[in-house]
Amino acid sequence: MIAYRKLWCYNVSCKGLQDDIINEKNFVAKFFFVFLVVLTQISSPTIVFAGAREAKSALVARNYVEAFNQWKSLAEAGDPVAQFNLGLLYAHGQGVPQDKARAVFWWRNATEGGNLDAAYYLGSCYLIGEGVEKDVSTAARWIRRAAEGGQAQAQSQLGNLYWKGEGVAPDNQSAFNWWLKAAAVGVADAQYNVGDSYAAGRGVTKDDVQALIWFRKAADQGYAPAQYTLGVMYSKGIAVAVDEVEATAWQRKAADQGYAVAQAVLGFRYAQGVGVDQNGSDAVVWWLKAANQGNIDAQMGLAFALAAGKIVPKDEESAAHWWRAAAERGNIDAQFNLGVLYYNGINGNVDYKAAAFCFKSASEKGHVNAKKYIDIMREKGLL
């Protein structure tokens with residue numbers, strides 16, 4: 001009987017899913033713009049027009065048509081705050097059919113009137129190509145205008161642009177400086193990035209204590225990547241004493257928010273009993289949450305557990321499903337293990353053709369054991 005390669009069992013305080021989280025490349029979301037608008041929480045300077053008060057009251061009551069009508073009158077009269085808010089309504093299709101190009105139109109007018117929020121939104125539209133053709137250089141120009149005016153989200157985003165080199169030359173020190181400005185006024189993702197910079201020694205001298213401080217600030221605001229990473233630091237004993245219970249508590253906070261990496265690691269914790277009582281059923285529950293989001297490590301852990309039948313009841317068909325999911329995304333260990341499953345037979349049903357296909361796929365990508373089993377199948381006349 002060919003043995004499965006045991007991938008799911010790893011030390012959560014050493015190498016494994018957590019190992020690269022401190023590295024900036026593990027958090028791709030830091031350079032993607034996401035609209036974070038809660039229209040019922042719009043804040044703006046005091047406006048003398050009575051229509052503005054009526055618009056805000058209508059907004060609170062979710063009477064978007066009335067809010068649109070009030071802001072439209074003010075926007076057409078040249079009020080930059082109304083122009084910005086009118087752009088929000090167009091962007092979200094509230095009180096008016098969604099029209100991102102019209103949103104850009106009004107944000108441009110508001111920007112020309114000095115509205116920094118509009119400058120940030122306008123730049124972000126150019127960055128992602130929403131309502132306007134994508135142009136990262138133009139995006140950087142508008143985002144810089146907002147950042148230099150003190151708009152905190154723009155400062156955070158400008159840091160992202162410097163880190164990635166989008167619209168500006170890559171410059172880790174400038175990225176750090178802009179993140180620090182935004183972090184100082186409470187922008188959670190900027191606080192995370194400041195912590196990440198200190199942890200990696202990127203744009204600033206490496207300082208694990210400072211990294212811990214900034215990760216904690218973001219984590220206390222409920223920022224899932226920071227909560228997860230704070231758990232990593234407790235697990236590895238970075239700037240704090242090793243405490244797997246505390247590590248688990250922080251990673252559970254991130255997992256509860258749907259953060260797939262944290263969900264996957266929580267599954268491994270339950271599988272091994274690290275920071276929690278060992279419980280195979282709970283391990284599967286968390287792996288399933290992460291696996292359904294496409295997390296390959298969770299898919300692999302889940303597949304192995306189901307194939308081995310040690311911590312949960314054996315279910316080879318489900319194991320095949322999850323190894324197949326990982327294999328289709330190019331994971332060579334999944335391809336190999338799926339081949340083993342077909343070779344041994346799913347519920348006794350052997351499929352040498354499918355096994356050979358999987359072994360060949362893994363072998364072509366350098367999997368040594370897969371090549372060995374192709375040779376074995378040739379010797380046995382199974383190919």
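Let's shift gears to the overall build of the chain. Within the chain, the secondary structure is distributed over 19 helices and 0 strands. In the chain, buried positions account for 51% of the 383 residues. Considering only contacts within the chain whose residues lie at least 6 apart along the sequence, 52% involve residues at least 24 apart. Roughly 17,300 Å² of accessible area belongs to the chain as shown, and the carbon and sulfur atoms make up 49% of that amount.

At a minimum axis distance of 8 Å, the contact between helix α6 (residues 136-148) and helix α7 (residues 152-164) shows a crossing angle of 135 degrees. On the basis of their axis angle, the class for α6 and α7 is oblique. Between α6 and α7 lies a crossing of left-handed hand. Listed contacts from α7 to A140, I143, R144, A146 and A147 of α6 are A154, Q155, Q157, L158, L161 and Y162.

The next subject is the confidence of the model for the chain. Detail in the predicted coordinates should be disregarded across regions flagged by low pLDDT. Scored by pLDDT, the chain has a mean of 88; 87% of the residues are at 70 or more. Confidence drops under a pLDDT of 50 for residues 1-49, and excluding neighbours within four residues, the segment shows 129 contacts in the predicted structure.

As a further point, take the pattern of salt bridges. Taken as a whole, this structure holds 9 salt bridges when the rule is applied. Salt-bridge contacts for D196 lead to R202; the nearest nitrogen and oxygen are separated by 3.3 Å. Look at R202 and you get buried, because its relative accessible area is 7%. Of the charged contacts in the structure, one is a salt bridge between D375 and R378, with a shortest N-O distance of 3.7 Å. Residue D375 and its partner R378 are located together in helix α19 (residues 368-379), separated by 3 residues, close to a single helical turn. Given the relative accessible area of 30%, D375 is considered partly exposed. Bridged by salt links that share partners, the residues K371, D375 and R378 form one connected network.

Moving on: the packing of helix α16 (residues 316-327) against helix α17 (residues 332-344). Contact geometry for α16 and α17: axes closest at 8 Å, N-to-C directions at 150 degrees. By the angle between their directions, the pair α16 and α17 is classed as roughly antiparallel. Pair α16 / α17 crosses with left-handed handedness. Touching E316, A319, A320, W323, R324, A326 and A327 of α16 are A334, Q335, N337, L338, L341 and Y342, all from α17. Partitioning the contact of α16 with α17 into residue classes produces 9 nonpolar, 2 polar and 2 charged.

Attention now goes to unusual backbone geometry. Backbone geometry at A239 places phi at a positive 70 degrees, although glycine is not the residue there. You can see A239 is positioned in the loop between α11 (224-236) and α12 (244-256). The phi dihedral of N347 falls on the positive side, at around 55 degrees, and the residue is not glycine. The residue N347 is located in the loop between α17 and α18 (352-364) in this model.

It is worth spelling out the environment of D99 at this point. Looking at where D99 falls in the secondary structure, it is placed in the loop between α3 (80-92) and α4 (100-112). Overall, D99 belongs to the partly exposed group, its relative accessible area being 30%.

The subject of this paragraph is the nonpolar core. Core analysis: the biggest nonpolar cluster contains 72 residues, and W71 and W107 have the highest contact counts within it. When residues in this core are grouped by element, the largest group, 8 residues, is from helix α5 (residues 116-128). By size, the runner-up hydrophobic cluster in this structure holds 54 residues, among which are V265, V284, W322 and Y343.

Here a ring pair, both rings aromatic, is described through the centre-centre distance and the interplanar angle of the planes. One pass over the full model with this rule turns up 14 aromatic pairs. Here F268 and W287 contribute two aromatic rings whose centre-to-centre distance is 5.2 Å and whose plane-to-plane angle is 75 degrees, an arrangement assigned as edge-to-face. Placement of the pair is F268 in helix α13 (residues 260-272) and W287 in helix α14 (residues 280-291), with a sequence separation of 19 residues. With relative accessibility at 4%, the residue F268 sits in the buried group. Under the relative-accessibility criterion, W287 is labelled buried at 0%. Connected via pairs of aromatic rings, a cluster forms that spans F84, W107, Y120 and Y121. Of note, K181 hangs over the ring of W178, and the distance from its end group to the ring centre comes to 5.6 Å. Seen from the ring of W214, K217 lies directly overhead, with NZ or CZ sitting 5.3 Å from the centre.

The subject of this paragraph is α11. Its 13 residues place the ends of α11 18 Å apart at the C-alpha level, agreeing with the 18 Å of an ideal helix rising 1.5 Å per residue. Counting buried residues along α11, 12 of its 13 residues qualify, which places the element largely inside the surrounding structure. Among the residues of α11, those classed as buried are A224, P225, A226, Q227, Y228, T229, L230, G231, V232, M233, Y234 and S235. Those residues of α11 hidden inside the fold are in contact with α9 (188-200), α10 (208-220), α12 and α13. With its phi angle positive at about 70 degrees, G237 sits one or two positions after the end of α11.

Rules and cut-offs
- Residues numbered from 1 in each chain as written.
- Predicted model: local features only at pLDDT ≥ 70, side-chain atom pairs only at ≥ 80, totals over all residues.
- Heavy atoms only, no water.
- Helix = DSSP H or I, 4+ residues; strand = E, 2+ residues; numbered from the N terminus.
- Buried < 20%, exposed > 50% of the residue type's maximum accessible area, 1.4 Å probe, protein only.
- Contact = heavy atoms within 4.5 Å.
- Areas by Shrake-Rupley, 256 points an atom, 1.4 Å probe, with all protein chains shown as cover.
- Axes fitted to C-alpha atoms, helices over the stretch in contact; angles between N-to-C directions.
- Parallel < 35°, antiparallel > 145°, perpendicular 65-115°, else oblique.
- Left-handed = near helix turned anticlockwise from the far one by under 90°.
- pLDDT = per-residue confidence, 0-100.
- Salt bridge = Lys/Arg side-chain N within 4 Å of Asp/Glu carboxyl O.
- Nonpolar A, V, L, I, M, F, W, Y, C, P; charged D, E, K, R; others polar.
- Core = buried A, V, L, I, M, F, W, Y, C linked by side-chain atoms within 4.5 Å.
- Phe/Tyr/Trp six-rings, centres within 6.5 Å; stacked < 30°, edge-to-face > 60°.
- Lys NZ or Arg CZ within 6 Å of the ring centre and 35° of its normal.
- Expected span 1.5 Å × (residues − 1).

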